[in-house]
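The lines below spell out each chain.
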Amino acid sequence: MNTIREYIEQMFKGVPMTEETAQLKADILANLEDKYTALKDSGASEHEAIGTVIAEFGDIDELLEEFGVTRVNQQVTTNYETMGESDLRQYIQAKGKLGWNIGLGILSILAGMAGLLLFLAFQAVLPGALYIGLFFLFSFSVIGIGLFIIEGMKAGDLKRFNSPYIIFPNDKEQFISEQEDYKRSFIFSIVAGVSLCIMSITPILMGALTTLLPVLVGVAFSLLLIGVGIIFFTYSGNIWNAYENIKQNGKFVEVIEEEAARDERNRKMNYIIDEIYWPIIVVIYFVFSFTQGTWAWSWVIFVLAGALESTIKSLAGSWEKT
Amino acid sequence: MISSDVIRGYNDTFLLSLLAQGDSYGYDLSRQIRELTDDAYIIKETTMYSAFTRLKKKGYITSYPGTVTQGKKRTYYSITEKGKNYLKEKRQEWRITKEVVDKLVGGDNK
């Protein structure tokens with residue numbers, strides 16, 4: 001029995017392990033063991049049984065090819081985690097939930113503020129309105145902050161998706177086409193969110209310009225509209241990000257080392273640009289403008305610096321290639 | 001024993017045909033194939049799982065984790081409506097193939 005297990009271990013050496021490949025390995029091992037037991041029961045010797053089982057195993061490469069998996073240097077599979085379809089699906093779901101709850105948290109806090117404003121609006125007719133309003137604000141803020149804390153803790157679980165990981169070609173193809181399908185809902189959500197935020201000005205204007213409702217009530221409604229709009233952004237944005245992440249960080253096993261190293265260099269380049277280049281430009285702008293009094297036109301430096309930034313980046317990119 | 005080259009194109013159909021009689025798992029299917037053919041054809045383990053992968057991708061079968069038997073959790077396979085239609089087509093195709101090969105290569109009477 002151990003010989004069979006050892007044989008399967010050898011066959012699956014260097015195969016990236018995901019839920020799917022692990023299940024395949026377990027299933028095949030179970031089958032071989034069943035076969036072995038059946039042979040032994042029918043009177044075969046240990047040697048005969050193992051010989052037959054191994055002879056009837058077949059060609060592992062045929063199977064791996066059908067599965068879309070390439071066997072690699074074991075170093076690579078230990079250095080980088082492998083994400084199967086179910087891992088990635090869970091990731092997208094988790095990101096969606098995260099976005100939803102963050103959005104709800106923001107809505108909750110905004111609702112608390114809206115509640116306070118509503119009670120303040122009726123302070124004249126309702127004694128103690130300020131306190132009720134503050135209580136409102138406080139309790140909704142607690143719910144909102146609670147949601148942030150819970151999601152913040154859960155975000156830690158998703159960290160493993162932030163560095164490059166191994167993904168199978170079939171899966172990547174599928175998720176890219178899913179993202180394509182999701183694009184419509186994403187755009188719809190962004191439009192809906194933006195519309196709600198723009199519309200949120202209406203209650204304020206109604207309060208300020210007409211006598212239909214008090215200004216404070218207008219502001220309260222406006223906050224609620226913004227809150228609902230934000231949920232559209234955070235929910236669909238996070239799902240979209242998850243797909244983008246799979247596209248960016250999900251790499252094929254043959255090229256992952258190379259691409260991960262390149263990403264790392266690009267990241268450093270962006271870091272240099274963001275952390276050094278732009279602050280220097282800002283300093284030059286202020287020093288020059290103060291000393292020369294050229295405020296009227298010295299802002300041009302930002303336009304020039306912007307153009308120069310892409311030149312520097314593309315130069316760095318072309319060095320990279322050679 | 002039959003050479004696997006000849007039969008290659010029919011592995012998927014074998015499995016579908018067996019699954020059409022009820023859900024089953026890997027070892028049981030390979031055992032059925034061997035017993036039904038009186039040991040004339042033994043499907044290789046990797047050939048069978050390649051076929052499962054292919055059939056699943058095409059939506060002809062689905063898989064689900066079965067209950068634990070003898071300490072092992074097996075993956076069960078089940079044929080879909082689409083799979084049943086495909087099987088029907090393949091059966092028709094086989095009837096014609098059989099006739100053609102019989103006529104050209106020769107059947108029992110030659």
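So, how was this worked out
- Residues numbered from 1 in each chain as written.
- Chains lettered and ligands numbered in written order.
- Predicted model: local features only at pLDDT ≥ 70, side-chain atom pairs only at ≥ 80, totals over all residues.
- Heavy atoms only, no water.
- Helix = DSSP H or I, 4+ residues; strand = E, 2+ residues; numbered from the N terminus.
- Buried < 20%, exposed > 50% of the residue type's maximum accessible area, 1.4 Å probe, protein only.
- Contact = heavy atoms within 4.5 Å.
- Areas by Shrake-Rupley, 256 points an atom, 1.4 Å probe, with all protein chains shown as cover.
- UniProt positions renumbered as here; feature names shortened; annotations may be inferred.
- Polar contact = N/O pair within 3.5 Å; in protein donor to acceptor, adjacent residues only side chain to side chain.
- Buried area = accessible area lost by both parts, 1.4 Å probe.
- Salt bridge = Lys/Arg side-chain N within 4 Å of Asp/Glu carboxyl O.

Under an unreviewed UniProt entry, the name given to chain B is DNA-binding transcriptional regulator, PadR family, and the organism recorded is Alkalibacterium subtropicum.

Naming follows an unreviewed UniProt entry, where chain A appears as Beta-carotene 15,15'-monooxygenase of Alkalibacterium subtropicum.

K.L.:
Quick rundown of the overall build of chain B? Include the residues and the values.
P.N.:
Within chain B one finds 5 helices and 3 strands. Ordered by position in the sequence, the α and β elements of chain B form the string α-α-β-α-α-β-β-α. For chain B, the residues scored as buried account for 42% of the 110 residues in total. Nonlocal contacts in chain B, meaning residues at least 24 apart in sequence, comprise 50% of its contacts between residues at least 6 apart. When the accessible surface of chain B is totalled, it reaches about 6,700 Å², and 52% of it is carbon and sulfur.

K.L.:
Talk me through the UniProt feature "transmembrane region" (unreviewed entry) in chain A; I want residue IDs and the actual numbers.
P.N.:
Residues and elements named next belong to chain A. Taking the numbering used here, the UniProt-annotated feature "transmembrane region" (unreviewed entry) corresponds to residues 98-122, 128-150, 186-206, 212-235 and 271-290. The span residues 98-122 is 96% helical and 0% strand by assignment, and the distance between its end C-alpha atoms comes to 36 Å. Counted over residues 212-235, helix gives 88% and strand 0%. Its end C-alpha atoms are 34 Å apart.

K.L.:
Describe in detail the side chain of B:Thr46, supporting the description with residues and values.
P.N.:
Note on placement: B:Thr46 falls in helix 4 (residues 45-58). Residue B:Thr46 is classed as buried on the basis of its relative accessible area of 0%. At 2.9 Å, the side chain of B:Thr46 and the backbone nitrogen of A:Asp59 are in polar contact. Not counting the four nearest positions on each side in its chain, B:Thr46 is found in contact with A:Phe57, A:Gly58, A:Asp59, A:Ile60, A:Glu62 and A:Leu63.

K.L.:
Can you explain the interface of chain B and chain A? Please cite residues and give values.
P.N.:
Across the contact, 23 residues belong to chain B and 22 residues belong to chain A. At the boundary of chain B with chain A, total buried surface from both sides reaches about 1,900 Å², with 49% on carbon and sulfur atoms. The largest per-residue losses of area from chain B upon contact with chain A belong to B:Tyr27, B:Glu45 and B:Thr46, which jointly make up 33% of the total buried on that side. Where chain B touches chain A, the interface holds 4 salt bridges. Between B:Arg74 and A:Asp34 there is a salt bridge whose closest N-O contact spans 2.5 Å.

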